[in-house]
Amino acid sequence: MTSIFTKIVNGEIPSAKVYEDDLTLAFLDINPASLGHTLVICKPELPSLLDLSPDLLLATTRTTQLVARALMAALEPDGFNILQNNGSAAGQVVFHYHVHIIPRWNSDRVLTPWHPGSASPSDLRDTAALIAAQVSKE
């Protein structure tokens, strides 16, 4: 099924476009967390970070940086968050790769930070070894 973002890319649904090139599109979120909340998408409908080619990931990252710089200059927030969810357990709702740029002001309560957990040095070593073993297979 075609995602809402593909419909935006195809011009079937209107959007408040901020930037567009051959591979990416940036537009304002219709349910913003804050003023200027922008989504950057890759135009091909791919569900997650793991599905993008290195070139497409690089293009999307470049657009994210370009738009973040413009957003900082235009709105002058105190900072911004970059948020990218993969899978429903991580909060992904639209399964078309996208990055949120969320402007932040010192007094806002837009995102609440996670509560840090703890891990023993041996747990960290064991987990790092499991991940590193898979990295070497890539």
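Structural data are supplied above this passage.
None of the values given here were measured: they were computed from a predicted structure.

Trainee: How would you summarise the nonpolar core if you had to cite specific residues and measurements?
Mentor: Residues Ala26, Val40, Cys42, Leu52, Leu56, Val67, Ala68, Leu71, Tyr97, Val99 and Ile101 constitute the largest nonpolar core, which totals 11 residues. Counting only elements with at least two residues in this core, the list comes to β3 (38-42), α2 (54-75) and β5 (98-104). At four residues, α2 tops the list of elements feeding residues into this core. Leave out the neighbours within four places in its chain, and Leu56 touches Leu23, Cys42, Pro44 and Leu46. Ranked by size, the runner-up nonpolar core spans seven residues in total, among them Phe5, Phe27, Ile41 and Val94.

Trainee: Outline the environment of Thr112, listing residues and values.
Mentor: By the secondary structure assignment, Thr112 is in the loop between β5 and α3 (121-135). Residues Thr112 and Ala90 lie 22 residues apart in sequence; the distance between their C-alpha atoms is 15 Å.

Trainee: I'd like to hear about the pattern of salt bridges, residue by residue, with values.
Mentor: When the charged atoms of two side chains with opposite charge come close together, those side chains can pair. Applying the stated criterion across every chain yields a total of three salt bridges. Between Lys17 and Glu20 there is a salt bridge, with the nearest N and O atoms lying 3.2 Å from each other. Judged by relative accessible area, Glu20 falls into the partly exposed class, the value being 37%. One salt bridge connects Lys43 with Glu20, and the closest N-O pair in it is separated by 2.8 Å. Of this pair, Lys43 sits in the loop between β3 and α2 while Glu20 is found in strand β1 (residues 17-20), placing the two residues 23 residues apart along the sequence.

Trainee: Quick rundown of the pairing of strand β2 (residues 24-28)? Include the residues and the values.
Mentor: Judged by how many residues are buried, β2 sits mostly within the fold: four of five residues are covered. With three bridges joining them, β1 and β2 adopt antiparallel strand pairing. Along β2, the bridge assignment pairs Tyr19 with Ala26. Linking β1 to β2, which pair antiparallel, is a turn of three residues. Both β2 and β3 contribute to a ladder of five bridges, which runs antiparallel.

Trainee: Break down the sheet that holds β2 for me, with residues and values.
Mentor: Spatially, β1-β2-β3-β5-β4 is the arrangement adopted by the five strands of the open sheet, whose pairing is antiparallel. Looking at strand neighbours, the two that pair on one side only are β1 and β4 (79-83), the edges of this open sheet. The mean angle between the axes of side-by-side strands here comes to 15°, regardless of whether they run parallel or antiparallel. Here β3 runs beside β5; their pairing, made up of four bridges, is antiparallel. Of the residues in β5, the one forming a bridge with Leu39 is His100.

Conventions adopted
Residues numbered from 1 in each chain as written. Predicted model: local features only at pLDDT ≥ 70, side-chain atom pairs only at ≥ 80, totals over all residues. Heavy atoms only, no water. Core = buried A, V, L, I, M, F, W, Y, C linked by side-chain atoms within 4.5 Å. Buried < 20%, exposed > 50% of the residue type's maximum accessible area, 1.4 Å probe, protein only. Helix = DSSP H or I, 4+ residues; strand = E, 2+ residues; numbered from the N terminus. Contact = heavy atoms within 4.5 Å. Salt bridge = Lys/Arg side-chain N within 4 Å of Asp/Glu carboxyl O. Pairing = 2+ DSSP bridges. Axes fitted to C-alpha atoms, helices over the stretch in contact; angles between N-to-C directions.

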